[in-house]
Amino acid sequence: GQNIDQPTEMTATEGAIVQINCTYQTSGFNGLFWYQQHAGEAPTFLSYNVLDGLEEKGRFSSFLSRSKGYSYLLLKELQMKDSASYLCAPKALNNAGNMLTFGGGTRLMVKP
Amino acid sequence: EAGVAQSPRYKIIEKRQSVAFWCNPISGHATLYWYQQILGQGPKLLIQFQNNGVVDDSQLPKDRFSAERLKGVDSTLKIQPAKLEDSAVYLCASSSQSTGYGYTFGSGTRLTVV
């Protein structure tokens, strides 16, 4: 089964750093994705972690701890355009092949 | 590389009417997914295809929803008859081994049932 928990909303100030946490319980866990979704648009890929540790990509970093069922997305030097929903999506390898299950998303509001 | 194409972009229908959505995945992507995203929620998987075969449709309301992927390329998702609670964005995504099985999403179809 799948159980994914992430905060519903967060607010941060332009130029600041924000960390969005995600905890999950996923059968057949095989990696974790983070997607960004602006209002009215489709989700777009941000990061992928399959091993424990931190993956850094520009202003965005993602961390995974498989033993704790925990991940976070770290956004640095926040910009107004970072206002969006951030979706945590564990990947499972099961009889259906590879499948992503999405959390409810964290809506981030960046204020001046 | 062309993205995932979906149409129509928007659709408004009355309850009990039928509606169909179309998706053309990225060329060469064997796996295709349909997700339903209700406003304020994360996407929920409706059905997953591998080539032209269904591998997971456990969350598809089969009394009113149907989907097919003829020839393992394009796919259509149909709702008949529609209910008010079907109002949502319907997202199509495709993936392949080369992408680490990460998804590329289409722009979605926003359905409003009145």
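Our structure's up above, just so we're on the same page.
Here, residues in each chain are numbered from 1, in the same order as that chain's written sequence. To read the labels, note that chains go from A and ligands from 1, taken in the order they are written. Given that the model is predicted, a residue must reach a pLDDT of at least 70 before its local features are reported, and side-chain atom pairs must reach 80 or more before they are shown or counted; all residues, however, enter totals for whole chains, interfaces and linings. Values shown for side chains rest on all heavy atoms present in the structure; no hydrogens or waters enter the calculation.

Colleague: How do you make sense of the overall build of chain A when you look at a structure like this?
Modeller: Note on conventions: DSSP H or I runs of at least 4 residues are helices, E runs of at least 2 residues are strands, and numbering of each starts at the N terminus. What chain A contains, in helices and strands, is 0 helices and 11 strands. Its helices and strands taken in sequence order, chain A reads β-β-β-β-β-β-β-β-β-β-β from the N to the C terminus. Oriented by its inertia axes, the alpha-carbon framework of chain A measures out at about 45 × 30 × 20 Å. For the exposure calls, accessible area comes from a 1.4 Å probe over protein chains only, and a residue counts as buried if that area is under 20% of its type's maximum, exposed if over 50%, partly exposed in between. For chain A, the residues scored as buried account for 48% of the 112 residues in total. Counting contacts in chain A only where the partners sit at least 6 residues apart, residues at least 24 apart contribute 56% of the total. Here the accessible surface of atoms and residues is derived via Shrake-Rupley with a 1.4 Å probe, and residues count as covered only by protein chains that are part of the display. Summed over its atoms, the accessible surface of chain A is roughly 5400 Å², and 50% of this surface lies on carbon and sulfur atoms. Throughout, a contact is declared for two residues whenever any of their heavy atoms are within 4.5 Å.

Colleague: Before we go on, may I ask you to explain the pattern of salt bridges in this structure?
Modeller: Here the idea is simple: oppositely charged side chains can pair when their charged atoms come close. Residues and elements named next belong to chain A. Salt bridges are defined by distance alone: a side-chain nitrogen of Lys or Arg within 4 Å of a carboxyl oxygen of Asp or Glu. As enumerated under the stated definition, the model contains 6 salt bridges over all chains in all. Between Arg-59 and Asp-82 there is a salt bridge, and its shortest N-O distance comes to 2.8 Å. Of this pair, Arg-59 sits in the loop between strand S6 (53-57) and strand S7 (60-65) while Asp-82 sits in the loop between strand S8 (70-75) and strand S9 (84-94), and the two are 23 residues apart along the sequence. When its relative accessible area of 2% is taken as the criterion, Asp-82 is described as buried.

Colleague: Help me understand the interface of chain B and chain A, please; the structure alone is not making it clear to me.
Modeller: Many structure descriptions define interface size as the accessible area lost when the parts assemble. With 21 residues of chain B at the interface, the matching set in chain A holds 16 residues. Note on definitions: buried area is the accessible-area loss of two parts on being combined, 1.4 Å probe, summed for both. Between chain B and chain A, roughly 1400 Å² of surface is buried when both sides are summed, and carbon and sulfur atoms account for 54% of that area. For the pair chain B and chain A, the interface holds 0 salt bridges. Here a polar contact is recorded for every N or O atom pair within 3.5 Å, except that within protein the pair must consist of a potential hydrogen donor and a potential acceptor, and residues adjacent in sequence are included only if both atoms are side-chain atoms. At the boundary of chain B and chain A, one finds 6 residue pairs in polar contact (both at pLDDT 80 or more). Those elements that place two or more of their residues in the side of chain B that touches chain A are strand S4 (31-37), strand S5 (44-50) and strand S6 (53-56) of chain B. For the side of chain B that touches chain A, the element with the highest residue contribution is S4 of chain B, accounting for 3 residues. Residues are grouped as follows: nonpolar covers Ala, Val, Leu, Ile, Met, Phe, Trp, Tyr, Cys and Pro; charged covers Asp, Glu, Lys and Arg; every other residue, Gly included, is treated as polar. Across the side of chain B that touches chain A, the residue classes break down as 9 nonpolar, 9 polar and 3 charged.

Colleague: Help me understand the state of the cysteines, please; the structure alone is not making it clear to me.
Modeller: Two cysteines, two sulfur atoms, one covalent bond between them: this is a disulfide. All names here are of chain A. Pairs of cysteine sulfur atoms within 2.5 Å are what we label disulfides. Within this structure, the stated rule accounts for 2 disulfides over all chains. Here Cys-22 engages in a disulfide with Cys-88; their sulfurs sit 2.0 Å apart. In this structure the cystine formed by Cys-22 and Cys-88 twists about its S-S bond by roughly -70°; its chirality is therefore left-handed. Taken together, the residues Cys-22 in strand S3 (residues 18-26) and Cys-88 in strand S9 connect sequence positions 66 residues apart. Residue Cys-22 shares its accessibility class with Cys-88, and that shared class is buried.

Colleague: Explain the sheet that holds strand S3 (residues 19-24) of chain B here, please?
Modeller: Whenever strands of a sheet pair, they do so through backbone hydrogen bonds, lying parallel or antiparallel. Residue and element names in this part refer to chain B. Any two strands with at least two DSSP bridges between them are considered paired. What the 4 strands build is an open sheet, ordered S1-S3-S8-S7; its pairing is antiparallel. At either end of the open sheet lies a strand with only one pairing partner, and these are strand S1 (5-7) and strand S7 (65-68). Averaged over all neighbouring strand pairs, the angle between strand axes comes to 15°, with direction disregarded. Here S7 pairs with strand S8 (residues 75-79) via 4 bridges, running antiparallel. Inter-axis angles, ranging from 0 to 180 degrees, are taken between N-to-C directions of lines fitted to C-alpha atoms, where helices are fitted over the stretch in contact.

Colleague: So what exactly am I meant to see when it comes to the pairing of S4 of chain B here?
Modeller: Here is the key point about a regular strand: its side chains alternate between the two faces of the sheet. Residues and elements named next belong to chain B. Here S4 lies mainly inside the structure; 7 of its 7 residues are buried. Judged by which residues are buried, S4 turns out to be covered on both faces: Thr-31, Tyr-33, Tyr-35 and Gln-37 on one side and Leu-32, Trp-34 and Gln-36 on the other are all buried. In this structure, S4 lies alongside S5, joined through 6 bridges in antiparallel fashion. From the neighbouring strand, Trp-34 faces S5, where its bridge partner is Ile-47. Where S4 hands over to S5, the hairpin turn is made up of 6 residues, of which Gly-40 adopts a positive phi near 85°. Pairing geometry for S4 and strand S9 (residues 88-95), over 7 bridges, is antiparallel. Among the inter-strand pairings, Leu-32 is bridged to a residue of S9, identified as Ser-94.

So far we have only geometry, and geometry alone does not tell us how the molecule works.
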